[in-house]
Amino acid sequence: MSLQELKNQAYQLSVSDRLELVSALVESLRHELRPPRDRKGAIERMRGLAKTDAPPPTDAEVEAMLEERLVEKYLK
């Protein structure tokens with residue numbers, strides 16, 4: 001079937017069927033032009049990004065950091 005024949009048949013469809021056809025065409029183009037991302041690969045590349053050799057801060061250290069931040073925010 002040629003493109004012109006396809007266009008002629010499309011004009012014979014009802015408005016709702018033509019809208020559905022357009023939606024299907026746009027969806028098919030979306031998948032071809034922008035393939036889905038490889039999320040698993042991205043997750044694997046980011047694994048351990050924030051990992052450090054230092055031990056996590058203690059509760060007292062966290063409380064001191066929060067207090068320091070509040071002092072900076074509200075008193076300076």
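The sections below set out a description of the structure shown in this document. Worth saying up front: this structure is predicted, and the values here are computed from it rather than measured. (Residues numbered from 1 in each chain as written. Predicted model: local features only at pLDDT ≥ 70, side-chain atom pairs only at ≥ 80, totals over all residues. Heavy atoms only, no water.)

The helix and strand tally for the chain stands at 4 helices and 0 strands. Seen in sequence order, the chain has helices and strands lined up from the N terminus as α-α-α-α. Scaling as 2.2 N^0.38, a compact globule of 76 residues should have a C-alpha radius of gyration of about 11 Å, whereas the chain reaches 29 Å, well beyond that. Projected onto the principal axes, the alpha-carbon positions of the chain cover approximately 75 × 35 × 20 Å. Out of the 76 residues in the chain, the part that is buried amounts to 3%. Within the structure as shown, the chain displays about 7,900 Å² of accessible surface, and the carbon and sulfur contribution to it stands at 58%. Here the chain contributes 13 positive and 14 negative side-chain charges, whose respective centroids are spaced 6 Å apart. (Helix = DSSP H or I, 4+ residues; strand = E, 2+ residues; numbered from the N terminus. Rg over C-alpha atoms; globule rule 2.2 N^0.38 Å. Buried < 20%, exposed > 50% of the residue type's maximum accessible area, 1.4 Å probe, protein only. Areas by Shrake-Rupley, 256 points an atom, 1.4 Å probe, with all protein chains shown as cover. Lys, Arg positive; Asp, Glu negative; His and termini not counted. Charge placed at Lys NZ, Arg CZ, Asp CG, Glu CD.)

Here the focus is the pattern of salt bridges. If you walk through the whole model with that rule in mind, you get 1 salt bridge. The salt bridge partner of Arg 30 is Glu 27, with a shortest N-O separation of 2.8 Å. Note that Arg 30 and Glu 27 are positioned in helix 2 (residues 15–33) at a spacing of 3 residues, about one turn of the helix. Its relative accessible area of 33% is what places Glu 27 among the partly exposed residues. (Salt bridge = Lys/Arg side-chain N within 4 Å of Asp/Glu carboxyl O.)

Where nonpolar side chains cluster on the molecular surface, the patch consists of Leu 70, Val 71, Tyr 74 and Leu 75 and spans about 440 Å² of accessible area. Along the chain, the position of Leu 75 falls in helix 4 (residues 59–75). (Patch = residues over 30% accessible without salt bridge, like charges linked within 9 Å, V, L, I, M, F, W, Y side chains within 5 Å.)

Scope: geometric values only; no functional claims are made or implied.
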